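# Descriptive analysis of the structure
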Amino acid sequence: YMNQILKKLSDNIKLRKQLSSEKSYTSYLISAGTKECSKKFGEEAIELVIAANDEDLESFNYEAADVLYHFLVLVESKNADFNEILNVLDSRQTLSGHEEKAQREK
C-alpha cells in the first residue's frame, strides 16, 4: 500500500512537471531548479523535526507528508529515478545499519 501511494505521488509529480508553473506548484518548484527544491525540502525537514518534538501527532503527520512530497519533487528535479532509490533501500535490507555504514566508509 505504501509503495502504491508513493508511486502514484511520484507519477503525479512527473505529470505536473510538464504543466505551466502558473497552474502547478510542483511545476513551479521544479522549474525553479534543484537548489530551490533542496532548500524547500530542508525547510520541510526542519518543520518535521519541530513537529516531532511536540505532542500533536496530527501536525507531525502533516509535516511528514510535506517532507515526502518535497523529497519526491527533489528527486524529480535531479532527474533521478525513484525506483533506483528504492533499489538502494531494498539492497540494504539484508545488512544492519552498522554494517551498511561501514561499507560506505571504505
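For the structure itself, look to the data block above.
What you see is a predicted model, and the numbers here were worked out from it, not measured in a lab.

Scoring rules and cut-offs
- In every chain, residue numbers begin from 1 and rise along the written sequence.
- pLDDT decides what is reported in this predicted model: residues at 70 or higher carry local features, side-chain atom pairs at 80 or more are listed and counted, and totals for whole chains, interfaces and linings draw on all residues regardless.
- As a rule here, side-chain values cover all heavy atoms of the structure and leave hydrogens and water aside.
- Angles shown run from 0 to 180 degrees and are taken between the N-to-C directions of axes, each axis being a line fitted to C-alpha atoms and, for helices, limited to the stretch in contact.
- A run of H or I in DSSP becomes a helix once it reaches four residues, and a run of E becomes a strand once it reaches two; helices and strands are each numbered from the N terminus.
- Oblique is the label for any angle not covered by the other classes, which are roughly parallel (under 35 degrees), roughly antiparallel (over 145) and roughly perpendicular (65 to 115).
- Left-handed describes a crossing whose near helix is turned anticlockwise from the far helix by less than a right angle; the clockwise case is right-handed.
- Should any heavy atoms of two residues lie within 4.5 Å, those residues are counted as being in contact.
- We call Asp, Glu, Lys and Arg charged. Ala, Val, Leu, Ile, Met, Phe, Trp, Tyr, Cys and Pro are nonpolar, and the rest, Gly among them, are polar.
- We define the nonpolar core as a collection of buried residues of types Ala, Val, Leu, Ile, Met, Phe, Trp, Tyr and Cys that are connected through side-chain atoms lying within 4.5 Å of one another.
- When a residue's accessible area, from a 1.4 Å probe over protein chains only, is under 20% of the maximum for its type it is buried; when over 50% it is exposed; and in between it is partly exposed.
- Each patch is built from salt-bridge-free residues with over 30% relative accessible area, joining like charges within 9 Å and nonpolar side chains (Val, Leu, Ile, Met, Phe, Trp, Tyr) within 5 Å.
- All accessible-area figures derive from a Shrake-Rupley calculation using a 1.4 Å probe, and residue coverage is judged against the displayed protein chains alone.
- Basic side-chain nitrogens of Lys or Arg form a salt bridge, by our definition, when they fall within 4 Å of a carboxyl oxygen of Asp or Glu.
- The charge count treats Lys and Arg as positive and Asp and Glu as negative. His and the chain ends do not count.
- A charge is said to be at NZ when it belongs to Lys, at CZ for Arg, at CG for Asp and at CD for Glu.
- To estimate the expected span of a helix, count its residues, drop one, and scale the result by 1.5 Å.
- Polar contacts, as used here, are pairs of N or O atoms within 3.5 Å; protein pairs need one atom able to donate a hydrogen and one able to accept it. Residues neighboring in sequence count only if both atoms are side-chain atoms.

What follows concerns the packing of helix α2 (residues 25-32) against helix α4 (residues 57-77). Where α2 meets α4, the closest approach of the two axes is 9 Å, and the angle between their N-to-C directions is 50°. On the basis of their axis angle, the class for α2 and α4 is oblique. The way α2 lies across α4 gives a crossing that is right-handed. The residues of α4 that touch α2, namely those facing Tyr25, Thr26, Leu29 and Ile30, are Tyr69, His70, Val73, Glu76 and Ser77. In the contact of α2 with α4, the residues fall into 5 nonpolar, 3 polar and 1 charged.

Note that soluble globular proteins tend to have their nonpolar side chains buried in a common cluster. Counting 10 residues, the largest nonpolar core is built from Ile13, Leu29, Ile30, Cys37, Tyr69, Leu72, Val73, Leu74, Val75 and Phe82. Breaking this core down by element, the ones donating at least two residues are α2 and α4. The element that contributes the greatest number of residues to this core is α4, accounting for 5 residues. The residues contacting Val73, other than those within four sequence positions of it, are Ile13, Thr26, Leu29, Ile30 and Cys37.

A cluster of acidic side chains, namely Asp54, Glu55, Asp56 and Glu58, defines a negative patch on the protein surface. If you trace the backbone, Asp56 turns up in the loop between α3 (34-52) and α4.

Here the focus is α4. Given a rise of 1.5 Å per residue, 21 residues ought to cover 30 Å, and the 30 Å separating the end C-alpha atoms of α4 matches this to within 8%. Every buried residue belonging to α4 is among Glu63, Asp66, Val67, Tyr69, His70, Leu72, Val73, Leu74, Val75, Glu76 and Ser77, and all of these are buried. Turning to α4, the residues buried within the fold contact α1 (2-17), α2, α3 and α5 (82-91). A side-chain oxygen of the first residue of α4 lies 3.1 Å from the backbone nitrogen of Glu58; this N-cap is Asp56. Immediately beyond the C-terminal end of α4, within one or two residues, lies Asn79, with a positive phi of roughly 55°.

Turning next to the pattern of salt bridges. Tallying each qualifying case throughout the model produces 5 salt bridges. Residues Lys17 and Glu76 are paired through a salt bridge, measuring 3.1 Å at the closest nitrogen-oxygen approach. Here Lys17 is found in helix α1, whereas its partner Glu76 is found in helix α4, with 59 residues between them in sequence. With a shortest N-O distance of 3.8 Å, Glu43 and Lys40 are connected by a salt bridge. With Glu43 and Lys40 both in helix α3 and 3 residues apart, this pair spans about one turn of that helix. When salt bridges with common partners are traced through the structure, they connect Lys14, Lys17 and Glu76 into a single cluster.

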